[in-house]
Amino acid sequence: MTDAAKDKTLQHSSVQQEAGKPARSQWRDIWDQFKSHRGALFGGCLFLLICLGVIVGPYVYWNDAQFVPTGRDFIKLRDMRPIYHMLWDPSAKMDWAYPLGTDNLGRDTLARLMFGGRVSLAVGMAAMILALLLGSFVGVIAGYFKKLDGLLMRLTDLFLALPLLPMILVAAVLFRESLSKSIGPEGGVFVLIVCLIGITSWMPTARIVRGDVLAIKEREFVLAARSIGTKPRSIISRHILPNVLSPIMVSATLGIATAIITESALSFLGFGFPPDFPTWGRLLNDAVDRMTLFPERVLWPGILISLTVLSVNYLGDGLRDALDPRIRGR
Amino acid sequence: MLTFTIRRLILSVPTLLFISLVIFMLLELAPGDPMAQVPLTVPPEVKEKMREALGLGQPAHIRFWKWLVQFFWIEPQVLIDHYFGTTFSAGDLRVISWQTRSPVMDIVIQRMPQTLWVVGTAYVVAILIALPIGIYSAYRQYSWFDQMGTFVSMVGFSVPPFFSGVLVIVIFSVQLGWFPSIYDTTLVVDSWDSFVKQLQQMIMPVMVLALQITAQLSRFMRASMLDNLNQDYVRTARAKGLSEYVVVMVHVLRNSMIPVVTVIALGIPSIFGGAIITEQVFKVNGIGQLLIGAIQANDLPMVQTLTFIFAVLIVLFNLIADVLYGILDPRIRYD
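Summary of the structure given here. (Residues numbered from 1 in each chain as written. Chains lettered and ligands numbered in written order. Predicted model: local features only at pLDDT ≥ 70, side-chain atom pairs only at ≥ 80, totals over all residues. Heavy atoms only, no water.)

## Topic: the packing of aromatic side chains
One pass over the full model with this rule turns up 12 aromatic pairs over all chains. Each ring, one from Tyr144(A) and one from Phe145(A), has its centre 5.1 Å from the other, and the planes form 80 degrees; the classification is edge-to-face. (Phe/Tyr/Trp six-rings, centres within 6.5 Å; stacked < 30°, edge-to-face > 60°.)

## Some points on the packing of helix H13 (residues 245-268) of chain A against helix H15 (residues 295-323) of chain A
Residues and elements named next belong to chain A. Running from N to C, H13 and H15 cross one another at 170 degrees; their axes reach a closest spacing of 9 Å. Here H15 runs roughly antiparallel to H13, going by the angle between their axes. When the axes of H13 and H15 are compared, the crossing they make is left-handed. Of the residues in H15, those in contact with Ser246, Met249, Val250, Thr253, Leu254, Ile256, Ala257, Ile260, Ile261 and Ser264 of H13 are Ile305, Thr308, Val309, Val312, Asn313, Leu315, Gly316, Leu319, Arg320 and Leu323. Here the residues of the contact of H13 with H15 are counted per class, giving 13 nonpolar, 6 polar and 1 charged. (Axes fitted to C-alpha atoms, helices over the stretch in contact; angles between N-to-C directions. Helix = DSSP H or I, 4+ residues; strand = E, 2+ residues; numbered from the N terminus. Parallel < 35°, antiparallel > 145°, perpendicular 65-115°, else oblique. Left-handed = near helix turned anticlockwise from the far one by under 90°. Contact = heavy atoms within 4.5 Å. Nonpolar A, V, L, I, M, F, W, Y, C, P; charged D, E, K, R; others polar.)

## Topic: the interface of chain B and chain A
Each partner contributes residues to the interface: chain B has 42 residues there, and chain A has 37 residues. Of the roughly 3,400 Å² buried where chain B meets chain A, counting both sides, 87% is carbon and sulfur surface. Interface area lost by chain B to chain A is led by Met154(B), Phe162(B) and Phe163(B), which between them contribute 18%. Counting every contact that joins chain B to chain A gives 0 salt bridges. (Buried area = accessible area lost by both parts, 1.4 Å probe. Salt bridge = Lys/Arg side-chain N within 4 Å of Asp/Glu carboxyl O.)

## Focus: the side chain of Thr262(A)
Residues and elements named next belong to chain A. Here Thr262 is to be found in helix H13. With relative accessibility at 18%, the residue Thr262 sits in the buried group. Separated by 2.7 Å, the side chain of Thr262 and the backbone oxygen of Thr258 make a polar contact. Aside from chain neighbours lying at most four places away, what touches Thr262 is Ile168 and Ile197. (Buried < 20%, exposed > 50% of the residue type's maximum accessible area, 1.4 Å probe, protein only. Polar contact = N/O pair within 3.5 Å; in protein donor to acceptor, adjacent residues only side chain to side chain.)

## Considerations on the side chain of Lys217(A)
All names here are of chain A. Mapping Lys217 onto the fold places it in helix H10 (residues 203-217). Despite its burial, Lys217 pairs with no opposite charge, the nearest such side chain being Glu218 at 4.4 Å. Polar contacts involving the side chain of Lys217 include one to the main-chain carbonyl oxygen of Gly143, which spans 3.3 Å. Sequence-distant contacts of Lys217, that is, excluding residues within four places in its chain, are made with Gly143, Tyr144, Val222 and Arg226. (Lys, Arg positive; Asp, Glu negative; His and termini not counted.)

Geometry only, nothing functional implied.
Written out as structure tokens, the structure reads:
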């Protein structure tokens, strides 16, 4: 046996050894990397917990968010303090049936927080999905078709040069009436806010996706696909989109965070949902007038907004590290 | 460089025109009626007269053109007249607010100092805090200081100004009673006492704004320093026997400041936009509050002008950032 042949058999056996190890899928690697980022794991758990509490909570909890007591009940139930007040002020008005107290109309704070969380998270998710669809569409089209690239990127630059918050505020006021009439007061505002946030936050995604598509378009597997006559549409859907999934996922998490903050800011400034339809921002806004007497009503919605956004930001941070093959495995 | 600057300046004209068109069309297509608040008892023909008096009688393109002329031709003339005592703009119609019936730009000029004081101070404070934090966390990467910095900037990203503002009001003015919760615009600083008062009322809004800006800037500074610390020229500098202070503070810092300076320039207009919420929380009588009030009162000329001023600021500082980048970094030559 010559040396070369020996080498070959050796190589062969080592390859077999490699193959003999249990196969590890890509997602398993990603999960392992994600697990090693403690902040991301914590953020992910916290976000899941908040989502779960907000979705399941109202079914388990005994008080109704919309219930307004009348007559004697109103006086008896209004302005209740949270039960932890017992620690330093046992004489305060409180009741175990209302763990976080009630507001000045006697509505239960915890129930309203859970209801408001549903709305805030729903707006955040829906706006994120809209922004993601728009952003990926523009990014992929601009990256893949050279003719449209210049035009679409100029459009992106123009959108980035718009003063977004003032324009969202203006549009939220101007279009509210007509949408409320056609879809109903809550649904109309929901659609309006989701559309406004979605339309004004797709630009970063589009830029990132375009950059990645430009790089992937030049790779051999795309050339191979094109040389066997694959249509552009299926090249995009089969070969390019799966490869730009990771930046899209990262901007999805960051998109939820900005959408929640923008929605809360709108509600806080009084341009969001109607007053009887609580969101976290609206609850915060309602409580500001009486925060000297009842600071807890300001603190809880604010803490929930901040915690959600913080957890989503950490989640995105970990996801970015986990999905980047250059960092993974180090 | 000069040709690049001129080209960018010329290119920004169509951008601004397009943005002004977008803003105009947004207000135009909106179904809201500026006459909605007029009592129903007013007869329709009087209402029609009122619409014409507000300049709503003509078709859209003529009104757009008139607004452009007023904003770009007549208002600068008014400014020149104001400074040099000339009479270019005598008799010309200016952009009039529907709320106060006085020229929009006069109100903007009245409101400007408050915004500039609060936002400008916050920006300077944030830069002064963020740069050292960024430098030190990059120099001692993954130390406890760096971890703390990462966490604090994460919090700064996540806590929205309408919560951090309310939080500092609860802590510092309700519980501790140190600072006033409302910004008093009428305060005239002419003695030591009033100066202290001015400082006290500025601390909280500046703190809230500075937290946000610091979070972003320190992250950016850190990343930029980290990029440069591993470069070959740093090793060369150390091999030459330069002291560590000179290596970091002269060689590395000067190179890492290039992107940071452009980010600082880019952030200035967004601070005007972000200050809307902070101004609302602390009742600072500035540009942001003017915009909110104008939107609520359906004062379209005011809203249009203010939004457009924000847009001009964004385009202007984008241009400044691009030019600065070219001047600071000799590797980048645009032509």
